[in-house]
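Structural characterization, general
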Amino acid sequence: MANPTNMANAVRALAMDAVQQANSGHPGAPMGMADMAVALWSRHLKHNPKDPSWANRDRFVLSNGHGSMLIYALLHLTGYDLSMDELKNFRQLHSKTPGHPEVGVTPGIETTTGPLGQGVSNAVGMALAEKLMAKQFNRDGFAVVDHHTYTFLGDGCLMEGISHEACALAGAWKLNKLVALYDSNGISIDGQVDPWFVDDTPARFKAYGWSVIGPIDGHDVDAVDRAIATAKTSADKPTLIVCTTAIGKGSPNRANTAKAHGEPLGAEEIALTREALGWRAEPFHIPKDVYADWAAAAQGKAIQAAWRELFKAYKTAHPKLALEFVRRMKGDLPKGFQQTAFDAVVSAHTKAETVASRKASQIALEFFTAALPEMLGGSADLTGSNLTNTSCTPNLRMDAAGDVVATVDDNGDVHTGRHINYGVREFGMAAIMNGVALHGGFIPYGGTFLTFSDYSRNAIRMAALMKLRVIHVFTHDSIGLGEDGPTHQSVEHAASLRLIPNLDVWRPGDPAESAVAWATALQNKDRPTAMLLSRQGLPYAPKTDLDRISKGAYVLAEPSEGGMRKRAQAVISATGSEVQLALKAQVELAARGIAARVVSMPSTTTFDRQDNAYKVSVLPKGVPRIAVEMGSSDGWWKYGCAAVVGLDTFGESAPAPMLLEHFGFTSKNVADTVHKVLQQA
């Protein structure tokens, strides 16, 4: 019979030893949560260490990711491909055991955690995806989607405001298969949290619509086991289990102190702790009987095999659904996607409408959401402004019993709402979308104003780090929004988003560019995308070549199209609404006898990935370059610009036409700038 005390002490020992060897890390949290982990991982968690990506596995998220040695120890002990040598290499260059858990680096890690509060928010997204996939794909006798999402979180996660945003939504959505175990140890880096964290956490979560169990003794494995079993019976509420623990459990002099939080215990204290725990094994050594107690591969294989038999029968009974389930969980786009993209772009080009790019985005979305049932949209209480809703994406709703409201078509296919009202919760929305993407089966997108990307920025960064296909729709992208003033007018936001590695940023200037931006974003399987869209209407820019838009920048108009029959003397590059300024300036320059090429650059990040030959074909060497964008000029100098018509101050509150005149965003000023550059040259 398994010995839970030894199982927990194995986790504690590995945490102590790895942190000590690295001379860096957080031993206290893993030591305190070890008994909670024994209860969950050995008695409830449905997983197969030999197939970490099995579709119907339970998801486990360590939201307090600084305690990473907890999950590394668990993965190693239960049989994942994580050797003892990797534990010895904790926090070392290119090891599988980085300081905070990273998805894609370590087998069995479901999400990258570290910024506190985001892990539990990711878990909310995972639980939402499970609930929606179950509604769409399960049929009588075939519960092919049926798993729980578990998360451990600490005081820090609860202090971060994002936990409020996400957990409130979890209650509203009645995510009954979400179980959060709160490591309530009352200690953070600065010491006892009592003076600055006085929340009544159980009351807070009850107010969200959660079930709350406890406080219970987090070191009583059987008590935690019973609490998890009770949580799994919930039909209409997520569950918070409050586990009272001692940080650094077992350490005679460091337990229940801030010293245990973020620094090695020290060789002397580790020796005393081993003695106090009765743990006789040498560092990085686990007795065979403890390995045997933790081993999960055989049980995991059997659980997965049973699911495979179920899915095999499901495939026979519902072949179309089975194929669609596999496609969506793999993240593959439907076979007709290229035709859909072609139709969306050609339609935009043919109609040549004058519309705001936010409306152009919605027009493109009508094509894509109709063809891609995996698209799951939403907005942070700005649907009528962001235009993220379409005719085939009704609002997501839950009924009083907690079930997803759905309709069934004539073919028997189940359709749930696919547009989420996130409320005024930009950060929560962004992190939840990350969790949805991590779970699989959906391509999430959500909208807010560009200036509020500041609220969600860290989750956007995490999406880029994790290589997730998540799409952010940011409207009201400049001073062109007018009277709302500088609090709402984006200035530095486009430039700052472009600085995030692996994030594609698009600022389309008309419907064709908007359709291409969406097509590209949906094909970006390994990177998120930010769409920066205008509030004001933008005239369509005539084009002779639609294919090159996807390269991020292309020659929109040669001098001949501006009335000059000679080689370009200057190149004007512009994005979004400023493309029209560039085209008008081209005509004005022609009247002065100056030939200018106009380059539309809807995505600098995409253009930066093109080969040098293409870049030179768009921005030829030896020809002065002038950029035009209603935002920070800093990012444009890398393109060798001789001048930038930009905005390096905050905006003002006034009607948009007055603001454009005031800040120099006129065709005359652009033409004058080009003229001045040529005179200086």
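As shown above, the structure is provided for reference.
Criteria and cut-off values
Every chain begins its residue count from 1, and numbering advances along the sequence as written. Whole-chain, interface and lining totals are the exception, using all residues; otherwise, since this is a predicted model, local features are given only for residues with pLDDT of at least 70 and side-chain atom pairs are given and counted only at 80 or more. Only hydrogens and water are set aside when side-chain values are computed; all heavy atoms of the structure are taken into account. Comment: elements are numbered from the N terminus, with helices defined as DSSP H or I runs of at least four residues and strands as E runs of at least two. For a compact globule the rule gives 2.2 Å times the number of residues to the power 0.38, and the radius of gyration it is set against comes from C-alpha atoms. Only protein chains enter the accessibility calculation, which uses a 1.4 Å probe. A residue is then buried if its area is under 20% of the maximum for its type, exposed if over 50%, and partly exposed in between. Contacts were defined at the residue level, with two residues in contact if any of their heavy atoms lie within 4.5 Å. Accessible surface area values rest on a Shrake-Rupley calculation with a 1.4 Å probe, where residue burial reflects the displayed protein chains alone. Under this rule, positive means Lys or Arg and negative means Asp or Glu; His and the chain ends count for nothing. For charged residues, the charge sits on one atom: NZ in Lys, CZ in Arg, CG in Asp, CD in Glu. The term nonpolar core refers to a set of buried residues drawn from Ala, Val, Leu, Ile, Met, Phe, Trp, Tyr and Cys, joined through side-chain atoms within 4.5 Å. Helices are assigned an expected span. That span is 1.5 Å times one less than the residue count. Throughout this description, a polar contact denotes any pair of N or O atoms lying within 3.5 Å of each other; where both atoms belong to protein, one of them has to be capable of donating a hydrogen while the other can accept it, and for residues adjacent in sequence the pair is counted only when both atoms sit in side chains. For two strands to be treated as a pair, DSSP must find no fewer than two bridges joining them. To obtain an axis, a line is fitted to C-alpha atoms, over the contacting stretch when the element is a helix, and the angle between two such axes runs from 0 to 180 degrees between their N-to-C directions. For Phe, Tyr and Trp, rings pair up if their centres lie within 6.5 Å, where Trp contributes its six-membered ring, and each pair is then called stacked (planes under 30 degrees apart), edge-to-face (over 60) or tilted (otherwise). We count a charge as sitting over a ring when the NZ of a lysine or the CZ of an arginine lies within 6 Å of the ring centre and within 35 degrees of the ring normal.

Looking now at the overall build of the protein chain. In terms of regular secondary structure, the protein chain is built from 25 helices and 22 strands. For the protein chain, the C-alpha radius of gyration of 28 Å lies close to 26 Å, the compact-globule estimate for 681 residues. Seen through its principal axes, the protein chain has C-alpha atoms that stretch 90 × 60 × 45 Å. Out of the 681 residues in the protein chain, the part that is buried amounts to 62%. For the protein chain, the proportion of contacts with a sequence separation of at least 24, taken over those separated by at least 6, is 78%. With the model as given, the accessible surface of the protein chain reaches about 25,600 Å², and the carbon-plus-sulfur share is 51%. Side-chain charges of the protein chain comprise 65 positive and 69 negative groups, with the mean position of each set lying 6 Å from the other.

Moving on, we get to the nonpolar core. Residues Phe-368, Trp-518, Leu-522, Ile-572 and Phe-665 are the most contacted members of the largest nonpolar core, which totals 73 residues. Sort the elements by how many residues they give to this core and helix α20 (residues 511-523) lands first, with eight residues. Ile-572 has contacts with Ala-582, Ala-585, Leu-589, Ala-596, Arg-597, Val-598, Val-599, Ile-626, Val-628, Val-670 and Val-674, leaving out every residue within four places of it along the chain. Grouped together as the second largest cluster of nonpolar side chains are 63 residues, Ala-127, Val-242, Leu-321 and Val-404 included.

Further remarks concern α20. Compared with the 18 Å implied by 1.5 Å per residue over 13 residues, the 19 Å span of α20 between its first and last C-alpha is a close match. Counting buried residues along α20, twelve of its 13 residues qualify, which places the element largely inside the surrounding structure. Buried within α20 are the following residues: Pro-511, Ala-512, Glu-513, Ser-514, Ala-515, Val-516, Ala-517, Trp-518, Ala-519, Thr-520, Ala-521 and Leu-522. Between the side-chain oxygen at the start of α20 and the backbone nitrogen of Ala-512 there is a gap of 3.2 Å, and the oxygen is on Asp-510.

Once that is clear, we can look at the pairing of strand β16 (residues 529-532). Burial along β16 is two-sided: the residues Thr-529 and Met-531 and Ala-530 and Leu-532 are all buried. Both strand β14 (residues 471-475) and β16 contribute to a ladder of four bridges, which runs parallel. Looking at β16, one finds that Val-473 is bridged to Met-531. Across three bridges, strand β15 (residues 504-506) lies against β16 in parallel orientation.

Quick look at the sheet that holds strand β3 (residues 178-184) now. The strands making up a sheet associate through backbone hydrogen bonding, with each pair oriented either parallel or antiparallel. In spatial order, the strands read β1-β2-β3-β7-β6; together these five strands make up an open sheet with parallel pairing. Two strands bound the open sheet, and with one partner strand each, they are β1 (59-62) and β6 (211-217). Between one strand axis and the next, the sheet turns through 15° on average, direction left out of account. With six bridges joining them, β3 and strand β7 (residues 239-244) adopt parallel strand pairing. Among the inter-strand pairings, Tyr-182 is bridged to a residue of β7, identified as Val-242.

Another point: the environment of His-26. Mapped onto the elements of the fold, His-26 is located in the loop between α1 (4-22) and α2 (28-43). On the basis of relative accessibility, which here comes to 15%, the residue His-26 falls in the buried class. Taking C-alpha positions, His-26 is 42 Å from Gln-610, a pair spaced 584 residues apart along the chain. For His-26, the contacting residues outside a window of four places in its chain are Val-19, His-66, Gly-67, Arg-91, His-261 and Gly-262. Reaching out from His-26, the side chain makes a polar contact with the backbone oxygen of His-66 at a distance of 3.4 Å.

The next point concerns the packing of aromatic side chains. How two aromatic rings sit relative to each other is given by the distance of their centres and the angle of their planes. Scanning the entire structure with this criterion turns up 19 aromatic pairs. Measuring from centroid to centroid gives 5.5 Å for Tyr-445 and Trp-518, while their planes differ by 80°, and the two rings are edge-to-face. A residue pair is termed long-range when its members are at least 10 positions apart, and Tyr-445 in strand β13 (residues 443-449) and Trp-518 in helix α20 qualify at 73 residues. Just as Tyr-445 is buried, Trp-518 falls in that class too. Connected via pairs of aromatic rings, a cluster forms that spans Trp-54, Phe-137, Phe-142, Trp-307, Phe-311, Tyr-314 and Phe-325. Seen from the ring of Phe-442, Arg-328 lies directly overhead, with NZ or CZ sitting 4.9 Å from the centre. Across from the ring centre of Tyr-540, 4.4 Å away, lies the NZ or CZ of Lys-543, which sits over that ring.

So, about the sheet that holds strand β18 (residues 554-557). The strand order across the open sheet formed by five strands is β18-β20-β19-β21-β22, and the pairing between neighbours is mixed. Each edge of the open sheet is held by one strand with a lone partner, namely β18 and β22 (641-645). The mean inter-strand angle of the sheet, taken between neighbouring strand axes irrespective of direction, is 30°. As judged from the three bridges shared by β18 and strand β20 (residues 596-600), these two strands associate in the antiparallel manner. Bridging from a neighbouring strand, Tyr-554 pairs with Ser-600 of β20. On top of the sheet, helix α25 (residues 667-680) reaches β19 (570-574), β21 (625-628) and β22; it is set at about 160° to β22, its chief contact.

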